[in-house]
Amino acid sequence: MTLKLYVLTEKQFLPRHEVTYPMEERGLQFGDGVYEVARIYQGTYFLLEEHIDRLYRSAAAIRLSVPFDKDVLMEKLELLREMNNVKEDAILYLQVTRGSFPRNHAFPAENRPNLYAYIREMPRKIREIENGVRTILTRDVRWEYCYIKSLNLLPNVLAKQEATERGAFEAIFYRDGDITEGSSSNIFLVKDGKVYTHPATERILNGIIRMKVKEFCDLFHIPFVEEAFSIEDIAQADEMFLTSTTSSIIPIIQVEEQLIADGKPGEVTRKLQAAYEKAAGLAVKNAK
């Protein structure tokens, strides 16, 4: 697939090389904005409306207006997909900021937000989906409003970098001994046939795939328990897995030095993966 690299802005569609980022952009100087990442499978958006609904919720939480009504924005994003000639697996990145104004902490008097959206190729993480991943633990030092998908991601970046340097796929945050979520994922523990995950409070981002997992559990009559579990609970887990838009559902087979059960993906995780694949219209490929 060769993307034409068109970008949607609040005013027009532009070739990517023509898009400039103003120096006094509030997203750049304050992280004053929100964003979404949506999956494209085989050239088709997956769960786009759910992502756009969350974008508007995040924007409302920081008193930010999105330049377009939802229906108009959805139409423009579909046109962006067509203009980029997307045929394979990719992601859409979309962000809205409070705009470009002389630097001042207070909101600008004028309502003139900036919007940027682009598409880039992203193959599925087949090996990780099939075999599972190692993870590490790191203290959750983020702010109290993690339910907002804001541009303020420095703690997440540092956590992910630590995981990368230690040869792990993901860093799992903990606060007061309880697991909250991953640096870019939601975290789940399976015990005695029940799926446990941190409740959707202000301390986590209620992931779009997290919400789909809840639906799948209801479908299969698997108890879905929105209850924080502790670091100590990990040693007794039958299974663990993580979810995110870019990763789908990936088994966790190790946390720090602790193997999860026999160190292999578990039955419940596999069942949920199969449900995800069906919902997305995909077939799991063999790891290469």
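Residue indices begin from 1 for each chain and proceed along its sequence in written order. Given that this is a predicted model, residues contribute local features only at a pLDDT of at least 70 and side-chain atom pairs are listed and counted only at 80 or more, while totals for whole chains, interfaces and linings are drawn from all residues. As a convention, hydrogens and water are excluded, and side-chain values are obtained from all of the structure's heavy atoms.

Observations regarding the overall build of the protein chain
We count it as follows: To qualify as a helix, a DSSP run of H or I must reach at least 4 residues; to qualify as a strand, a run of E must reach at least 2; elements of each kind are numbered from the N terminus. Atoms considered for the radius of gyration are the C-alpha atoms alone. The globule rule reads 2.2 Å times the number of residues to the power 0.38. Each residue is placed in one exposure class: buried if its accessible area under a 1.4 Å probe, protein chains only, is under 20% of its type's maximum, exposed if it is over 50%, and partly exposed if it falls in between. Every residue pair with non-hydrogen atoms within 4.5 Å of one another is taken to be in contact. With residues, only the protein chains shown are counted as cover, and all accessible areas are computed by Shrake-Rupley using a 1.4 Å probe. In this charge count, Lys and Arg are treated as positive and Asp and Glu as negative; neither His nor the chain ends contribute. Each charge is placed at NZ for Lys, CZ for Arg, CG for Asp and CD for Glu.
The helix and strand inventory of the protein chain stands at eight helices and 15 strands. The C-alpha radius of gyration of the protein chain comes to 19 Å, within 12% of the 19 Å expected for a compact globule of 288 residues. Seen through its C-alpha atoms, the protein chain measures out along the principal axes to roughly 55 × 40 × 35 Å. When the 288 residues of the protein chain are sorted by exposure, 51% land in the buried category. Partitioning the intrachain contacts of the protein chain with sequence separation of at least 6 by distance along the chain shows that 73% fall at a separation of at least 24. Total accessible area on the protein chain stands at roughly 14000 Å², and carbon and sulfur atoms take up 50% of it. Charge centroids of the protein chain, computed over 38 positive and 43 negative side chains, lie 3 Å from each other.

Overview of the packing of aromatic side chains
Selection rule: Here a pair means two rings of Phe, Tyr or Trp (six-membered ring of Trp) with centres within 6.5 Å. Their orientation is stacked below 30 degrees between planes, edge-to-face above 60, and tilted elsewhere. Note on criteria: charge over ring means Lys NZ or Arg CZ within 6 Å of the ring centre, with the direction from the centre no more than 35 degrees off the ring normal.
All chains considered together, the criterion is met by 10 aromatic pairs. With centroids separated by 5.3 Å and ring planes inclined at 90°, the aromatic side chains of Trp143 and Tyr145 adopt a geometry described as edge-to-face. Ring-pair connections join several aromatic residues into one group, and the members of that group are Tyr35, Tyr93 and Tyr118. The ring of Tyr118 carries the charged tip of Arg16 above its face, separated from the ring centre by 4.8 Å. Above the plane of the ring of Phe107 lies Arg98, whose end atom (NZ or CZ) is 3.7 Å from the centre.

A closer look at the packing of helix 2 (residues 48-61) against helix 3 (residues 70-83)
For the record, the criterion: Simply put, an axis is a line fit to the C-alpha atoms, just over the touching stretch for a helix, and the angle between two N-to-C directions goes from 0 to 180 degrees. An angle counts as roughly parallel when it lies under 35 degrees, as roughly antiparallel when it exceeds 145, as roughly perpendicular when it falls between 65 and 115, and as oblique in every other case. Rotating anticlockwise by less than a right angle from the far helix to the near helix defines a left-handed crossing, while the corresponding clockwise rotation defines a right-handed one. Three categories are distinguished: nonpolar for Ala, Val, Leu, Ile, Met, Phe, Trp, Tyr, Cys and Pro, charged for Asp, Glu, Lys and Arg, and polar for the others, with Gly belonging to the last.
Close contact between helix 2 and helix 3 brings their axes to 11 Å; oriented N to C, the two are set at 130°. In this view, helix 2 runs oblique relative to helix 3, as classed from their interaxial angle. For the crossing formed where helix 2 meets helix 3, the hand is right-handed. Only Lys70, Leu73, Met74 and Leu77 of helix 3 make contact with helix 2, whose side of the interface consists of Leu48, Glu49, Ile52, Asp53, Leu55 and Tyr56. Here the residues of the contact of helix 2 with helix 3 sort into seven nonpolar, no polar and three charged.

Points about the pairing of strand 6 (residues 114-121)
Filter applied, for reference: At least two bridges found by DSSP between two strands are what make those strands a pair.
Sheet topology places strand 1 (residues 6-9) next to strand 6; two bridges connect them, and they run antiparallel. Residue pairing across strands places Thr9 opposite Tyr116, the latter belonging to strand 6. Note: strand 5 (residues 90-97) against strand 6, eight bridges, orientation antiparallel. Its bridge partner being in strand 6, Val96 is matched across the sheet by Leu115.

Points about the side chain of Asp89
Our working rule: Put simply, a salt bridge is a Lys or Arg side-chain nitrogen that is within 4 Å of an Asp or Glu carboxyl oxygen. Think of a polar contact as two N or O atoms within 3.5 Å of one another; within protein, one of them needs to be a possible hydrogen donor and the other a possible acceptor, and neighboring residues in sequence only count if both atoms come from side chains.
Tracing the backbone shows Asp89 in the loop between helix 3 and strand 5. For the buried Asp89, which has no salt bridge, the nearest side chain bearing the opposite charge is Arg124, at an N-O separation of 4.9 Å. Polar contacts involving the side chain of Asp89 include one to the main-chain amide nitrogen of Gln42, which spans 2.9 Å.

Just geometry here; none of it tells us what the structure is for.
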